[in-house]
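Single-letter residue listing:
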Amino acid sequence: MRVSSTSLLVAVCMVLLTGCERYSQRPLLADAILTSVEQKRHLPDATSPDLVVGDGSIVAAKATPGAFTFPRAVALMKDNSPALKELRAEYDTAQALANVKTPLPNPTFEAGPLYGFGPKVSHLYRYQPFGSLGFTIPTGKRLQCQDEYNQAAAEVAYIDAAAKHRELYLELRKGYTRLALGQQRINTRKELAESAGKSTALTKKQIEAGLTTELDAGLIELEQVKLQTEAIVAEGELVNVRGELSQMIGVHAEHFSTLPSVMLQTLPATLPNLDELQKMLVCNSSELARLRARYELAERALHLEISKQYPDFRIGPKFENERGERKTTVGLTLGIDLPIFDRNQQGIASAKQKREEIRIKFEAAANRALAALDRAYSNFKLATEKLKMLNTLVLPRATKNIELARKAMETGVSDSLKFLETERNQRSVLLDALETELSLRGAWIELEQAVGYPLAPFPNESLSDTPPLGVVAQPAHAECPVCKENR
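Residues numbered from 1 in each chain as written. Predicted model: local features only at pLDDT ≥ 70, side-chain atom pairs only at ≥ 80, totals over all residues. Heavy atoms only, no water.

Colleague: So what's going on with the overall build of the chain? Residues and values would help.
Modeller: A count of helical and extended segments in the chain gives eleven helices and six strands. Across the 487 residues of the chain, 36% fall into the buried class. By sequence separation, contacts in the chain at least 24 residues apart represent 77% of the contacts at least 6 residues apart. Element-wise, carbon and sulfur atoms account for 57% of the exposed surface of the chain, whose accessible area totals about 28,900 Å². (Helix = DSSP H or I, 4+ residues; strand = E, 2+ residues; numbered from the N terminus. Buried < 20%, exposed > 50% of the residue type's maximum accessible area, 1.4 Å probe, protein only. Contact = heavy atoms within 4.5 Å. Areas by Shrake-Rupley, 256 points an atom, 1.4 Å probe, with all protein chains shown as cover.)

Colleague: Which residues make up the nonpolar core, and what values do they have?
Modeller: Ranked by internal contacts, the top residues of the largest apolar core, which has 28 residues, are Phe68, Phe70, Met77, Leu172, Leu179 and Ile249. Listing elements by their share of this core, those giving two or more residues are helix H3 (70-80), helix H5 (142-208) and helix H6 (214-249). In terms of residue count, the dominant contributor to this core is H5 (nine residues). Not counting residues up to four positions away in its chain, the partners in contact with Phe68 are Ala73, Leu76, Tyr176, Leu179, Ile249, His255, Phe256, Thr258, Leu259 and Pro260. Of all hydrophobic cores here, the second largest spans 26 residues; its members include Leu281, Trp444, Val451 and Leu455. (Core = buried A, V, L, I, M, F, W, Y, C linked by side-chain atoms within 4.5 Å.)

Colleague: Break down helix H4 (residues 82-98) for me, with residues and values.
Modeller: Taking 1.5 Å per residue, 17 residues should reach 24 Å; H4 reaches 25 Å between its end C-alpha atoms and fits that length. Taken as a whole, H4 has its buried residues at Leu84, Leu87, Ala94, Gln95 and Ala98. The buried residues of H4 occupy an angular sector of 100° when projected down its axis, which confines them to one face. What points out from H4, more than 90 degrees from its buried face, is the exposed set Glu86, Thr93 and Leu97. (Expected span 1.5 Å × (residues − 1). Arc of directions from axis to C-beta.)

Colleague: Would you mind going over the packing of aromatic side chains in detail, with residue names and values included?
Modeller: Here the structure, examined in full by the defined rule, presents eight aromatic pairs. Taken together, a centroid distance of 5.7 Å and an interplanar angle of 45° make the contact between Phe68 and Tyr176 tilted. In this pair, Phe68 is assigned in the loop between strand S2 (58-59) and H3 and Tyr176 in helix H5, connecting sequence segments 108 residues apart. Both residues of the pair, Phe68 and Tyr176, count as buried. Their ring planes at 70° and their centres at 5.5 Å tell us that Phe70 and Tyr176 sit as a pair that is edge-to-face. With a gap of 106 residues between them, Phe70 in helix H3 and Tyr176 in helix H5 connect regions that are remote in the sequence. Both residues of the pair, Phe70 and Tyr176, belong to the buried class. Clustering of aromatic rings is evident, with ring pairs tying together Phe68, Phe70, Tyr169, Tyr176, Phe256 and Phe458. (Phe/Tyr/Trp six-rings, centres within 6.5 Å; stacked < 30°, edge-to-face > 60°.)

Colleague: How would you explain H3 if you had to name every residue and give the values?
Modeller: Owing to its 3.6 residues per turn, the α-helix brings residues three or four apart onto one side. Along H3, the positions that sit buried rather than exposed are Phe70, Ala73, Val74, Leu76, Met77 and Asn80. Here the buried residues of H3 occupy an arc of 165° about the axis, which is enough to place them on one side.

Colleague: Requested: an account of unusual backbone geometry, with residues and values cited.
Modeller: The phi torsion of most residues other than glycine is negative, and most of the peptide bonds are trans. For Asn344, which is not glycine, the phi torsion reads 55° and is therefore positive. Inspection of the secondary structure puts Asn344 in the loop between strand S6 (328-336) and helix H9 (345-410). Although it is not a glycine, Asn460 adopts a positive phi angle of roughly 65°. By the element assignment, Asn460 lies in the loop between helix H10 (416-451) and helix H11 (481-486).

Colleague: Which residues make up the side chain of Glu461, and what values do they have?
Modeller: Summarising the element assignment, Glu461 is placed in the loop between H10 and H11. Contacts of Glu461, omitting those with residues within four sequence positions, involve Phe70, Pro71, Tyr169 and Arg173.

Colleague: Go over the pattern of salt bridges with me, naming the residues and quoting the values.
Modeller: The final tally for this structure, using the stated rule, is 20 salt bridges. We note a salt bridge from Arg142 to Asp312, for which the minimum N-O separation is 3.0 Å. One end of the pair, Arg142, is in helix H5; the other, Asp312, is in the loop between helix H8 (286-307) and strand S5 (313-321), with 170 residues separating them in the sequence. Note on Asp312: relative accessible area 19%, which makes it buried. Arg368 serves as the salt-bridge partner of Glu287, at 2.7 Å between the closest nitrogen and oxygen. With a gap of 81 residues between them, Glu287 in helix H8 and Arg368 in helix H9 connect regions that are remote in the sequence. The network of salt bridges with common partners includes Asp160, Glu167, Arg290 and Arg294. (Salt bridge = Lys/Arg side-chain N within 4 Å of Asp/Glu carboxyl O.)

Colleague: Go over the side chain of Ser81 with me, naming the residues and quoting the values.
Modeller: Counting through the fold element by element, Ser81 comes out in the loop between H3 and H4. Overall, the relative accessible area of 0% leaves Ser81 in the buried class. Once residues lying within four places of it in the same chain are set aside, the contact partners of Ser81 are Leu76, Leu168, Met248 and Ile249.

The values reported here are purely geometric and, on their own, carry no functional implication.
Here it is in structure tokens:
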């Protein structure tokens, strides 16, 4: 009997050892990773031959940047965004756990010697072996609930990645708009500087004719230099915008240099109905989507804690030799914990309150989302009214004034200082109109961000390509325009 128990112990140990996974080291090579990331930021062209440098290393050839349209920006961000890669890695981790079914509890094996002593114990049979093998059988649905919880946790990670993708997509619309208007701001300031240069030439003619002084010419030249420096400042602001886009998209800013002739979308003449926007918000708010997924996870966590209050059933054979005798006994052990005192009351209470906590957070998030929508809606209306007034009343009047002032200066009726003041007013109106358009489009983007869905497509863009929020996070709403379109 001693030989058979030893053989059984060896067999069990071999099974355990062969079923375990072995550790495999994977060092983090910082220098190699940094070099690889830098090459990927330049988007190597697979069709171009690689470059071989002097030390024999191979560097991938850089791709020739194409026109940086908004659909191209969306595609680049989808493939290269560092933030999206991080969240996708977190989702892969959660899904890896969900893909593995919760295993049954391991059986327990016990073996050892029994020592007998006393006057009736034979010397030959003083040491006798004993052994037992136990199995645990879950009586409730704990394993199934654990699988459901793991899958819900993976769904939360997926919704986090999808919601971040939607948020970055809407933020990209804002950055792309700033890129377009930043370039327009530079062009406007350069045009104003050229206009000031023409005024300087006209002033010099006035000096030759004796109609103005060197001081007047100096003031106009100073105004021209000021406009040139403002154009340089605007170029610096555009560099910052390109840097932010590069960080968001994950590629080098060199790919933003070639811009299409038409970059911005045509905004609708009238605003959408506020009630329709609120219905769209329910289906498309990324914050609400995250909380919906976390509420489902809290449901699964509560179900799991409730399943833990049912004890597991234990069963197993047991054998031993009678000490001092040539006698072997075999038995069957049955066992179960009696849930008299500990019925997992603490775990259940905590899971219940966690579910209620997420429900309250959802209500608070909905309140904040509606307030943000109201604010963005009002800001867009005000920006629209201001731009309309500038384009229809102020700008035409300023243009007419500068024409009158130029004619008066050329004929000697007016002096150069009055012309300079008129020209300043016109430039101020032009810059104010440009900044108002920037505010208008910024308010439109904020309105889209508040709703969580684009409302007007960029050139060559299809709204059906908007990154989805996921099945759990985006239930169909009977009156939501987006849901009607997707059905």
